[in-house]
Amino acid sequence: MALSGFFMRVEVAALAAVLSLGFAASRAQGAGEKPVAGEICATRAEAPEAAGALPESSAEASAEAPSGTEEAEAAGAPRSFTLIIHHTELEQVEFETRAGDELIFRNTGDIAHNLYLTYEDGTVETLHTQPPGTEKRTILKASGRVLVRCWIHPIIRLELDVAAAE
Amino acid sequence: MDRRLPMIALGFAALLLGLGARAEEPAAPIAPPQGEELEKLKAAFRRPEAPPPAPKRNPPTPEKIALGETLFFDPRLSRDQAQSCASCHDPDRRWSDGLARASGFQGERLPRRTPGLMNAAWGLAFQWDGRAETLEAQARMPITAPNEMNMDMTLLTERLRAVAGYAPLFEAAFGPAPEDGALIDETRILDALASFQRSLVSERAPFDAWIEGEEEAIGPEARRGFALFAGPARCSACHSGWRFTDDSFHDIGLKLDPEAAEPDLGRGAFVPPEVVGLRHAFKTPSLRDLAPEGFHMHDGSLRGIAAVIDHYVEGGEKRESLSFEMRPVPLAAQERADLVAFLESLAAPEAPRAPPPIP
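Residues numbered from 1 in each chain as written. Chains lettered and ligands numbered in written order. Predicted model: local features only at pLDDT ≥ 70, side-chain atom pairs only at ≥ 80, totals over all residues. Heavy atoms only, no water.

Describe the pairing of strand S7 (residues 135-139) of chain A, and please don't skip the residues or the numbers.
Within a regular beta strand, the side chains point alternately toward one face of the sheet and then the other, so they alternate between its two faces. Residues and elements named next belong to chain A. Within S7, four of the five residues are buried, which leaves it mostly tucked inside the rest of the structure. Strand direction decides the pairing type here: strand S4 (residues 102-107) and S7, joined by five bridges, are antiparallel. Directly across from Phe105, in S7, lies its bridge partner Lys136. (Buried < 20%, exposed > 50% of the residue type's maximum accessible area, 1.4 Å probe, protein only. Helix = DSSP H or I, 4+ residues; strand = E, 2+ residues; numbered from the N terminus. Pairing = 2+ DSSP bridges.)

In structure tokens, the structure reads:
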């Protein structure tokens, strides 16, 4: 009984955490943070999670990317890549990106993040606070080495070699 | 229609449900998970078997660590030769000073508490605000800070070169002077200090023994406290891993110092101003080897582990930068006591350490 009590409390905590996302997301926007271009917030991101339909790997997610058709690929059209952040681990995947492509960061963990991109010329783009269960989107703005990090969690780090737009 | 409305409605629903859930909290203390679930949980907090990591550029050697220790205890590193690193990072006080706030150059009261040094080899960022990315970079900061040791590195180098006893220590640690350099220089001083700090590793605590299978190493209170810590209380969202820190930065809602000329922005002073969430954010401290009745938090504002737990129960001051991980944690008196017992189980017995001879 005691053991089941433990798990019940964990479930209550998890439920409260999931349900509080809406509040958290509205707090983030209510705080006056400017949404990034193309950002989708909790409303769109949470729906598939609640249904258990979040893709589990970036490969799946990339295949589902809206602009990832063969025609678009052949035409050099921008593509979307989804990267999963789970707790303090940003999925390390290898893919070829080029300027104009879209990156989608999906926070599947239970803690908030605050990702930022540093371009080779020193330009920094901050994606602002990202509560659990939400996505942040950004367009790669220039070619060259791009470093993705989290202001909150220095352990999160991903380097991308971004090719020039075709 | 405002896109935010559904989210706001969901937020209120969550708030109400959260309050409801809180009202239904069982009064009885929880029991730890068992079996496979417990083993998985334990693995996340198990000490590493590998020795402390070090950068390839500055590998540790016994001679380099010994030199670093000597420098660490040498008051020549401060301008007035009255203060060594060990004056604040006292091995008899778990490498801190027992004060709420550090005492700097000629007794100046500093705005932050002296952090402990144990397990720094695994750290990802140093200083409360993370402004040092390596221990080598960190070692320079208190030496040269005007309100700490107030020393100039060139002056320090000259001062050490004038001490005959240091030459053999540097030669043993780094070899003879290179053709284009000096036997004693700033880089070598900082490398030795960093190597010494990397050698400081927490002794095995009762909790470690329990993790490794000694069931009676900690009592039932501590075991329940661990279950709370890693479960419903969500302490491990930030105090994660065997060092009980995520090496990350959070505003946990401590009261701002009303006497300070300007509020301490912590990590927020080193990020773009639009990164609101990093204002008043400080590095998550390790929870190993805490002084149960000592001062805690970056500003020493809370005394005793129980007061720290009370802070998290209340959830901290609400402000724009408050960490998303901070939310009130309702805990019964027994649960608070269990958490204290668990945190006390993370402290290893203190090991006396005699200071090295200073040349």
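Lay out the confidence of the model for chain B with the relevant residues and their values.
Residues and elements named next belong to chain B. Per-residue pLDDT for chain B averages 91, and the proportion of residues at 70 or more is 91%. Counting contacts from residues 1-27, a segment whose pLDDT is below 50, to residues more than four positions away or on other chains yields 31 contacts. Predicted as a complex, the structure gets a pTM of 0.81 and an ipTM equal to 0.83. (pLDDT = per-residue confidence, 0-100. Contact = heavy atoms within 4.5 Å.)

Talk me through the packing of aromatic side chains; I want residue IDs and the actual numbers.
Aromatic ring pairs: the centre-centre distance and the angle between the two ring planes describe each pair. All names here are of chain B. Tallied over the entire structure, the rule returns 21 aromatic pairs over all chains. Between Phe229 and Phe342, the aromatic rings sit 4.8 Å apart at their centres with planes inclined by 55°, giving tilted as the arrangement. Residue Phe229 is found in helix H10 (residues 220-230), and its partner Phe342 is found in helix H12 (residues 333-344); the two are separated by 113 residues along the sequence. Taking the relative accessible area as the measure of exposure, Phe229 reaches 2% and is therefore buried. With a relative accessible area of 0%, Phe342 lands in the buried category. Each member of the aromatic cluster is reached from another via a ring pair, and the members are Phe45, Phe207, Trp210, Phe226, Phe229, Phe244 and Phe342. The lysine or arginine in question, Lys42, covers the ring of Trp210, its NZ or CZ lying 4.3 Å from the ring centre. (Phe/Tyr/Trp six-rings, centres within 6.5 Å; stacked < 30°, edge-to-face > 60°. Lys NZ or Arg CZ within 6 Å of the ring centre and 35° of its normal.)

Explain helix H11 (residues 305-314) of chain B to me, using residue names and the numbers behind them.
Here H11 of chain B has its buried residues at Ile305, Val308, Ile309, His311 and Val313 of chain B. In this structure, the buried side of H11 of chain B is in contact with strand S3 (295-296), strand S4 (302-303) and H12 of chain B.

Give me the sheet that holds strand S5 (residues 115-118) of chain A: which residues, what numbers.
All names here are of chain A. What the five strands build is an open sheet, ordered S3-S9-S8-S5-S6; its pairing is mixed. Both edges of this open sheet fall to strand S3 (97-98) and strand S6 (124-126), since each of them pairs with a single strand only. Inspection of the sheet shows S3 paired to strand S9 (residues 157-163) by two bridges, in the parallel sense. By the bridge assignment for S9, Thr97 is matched with Val162.

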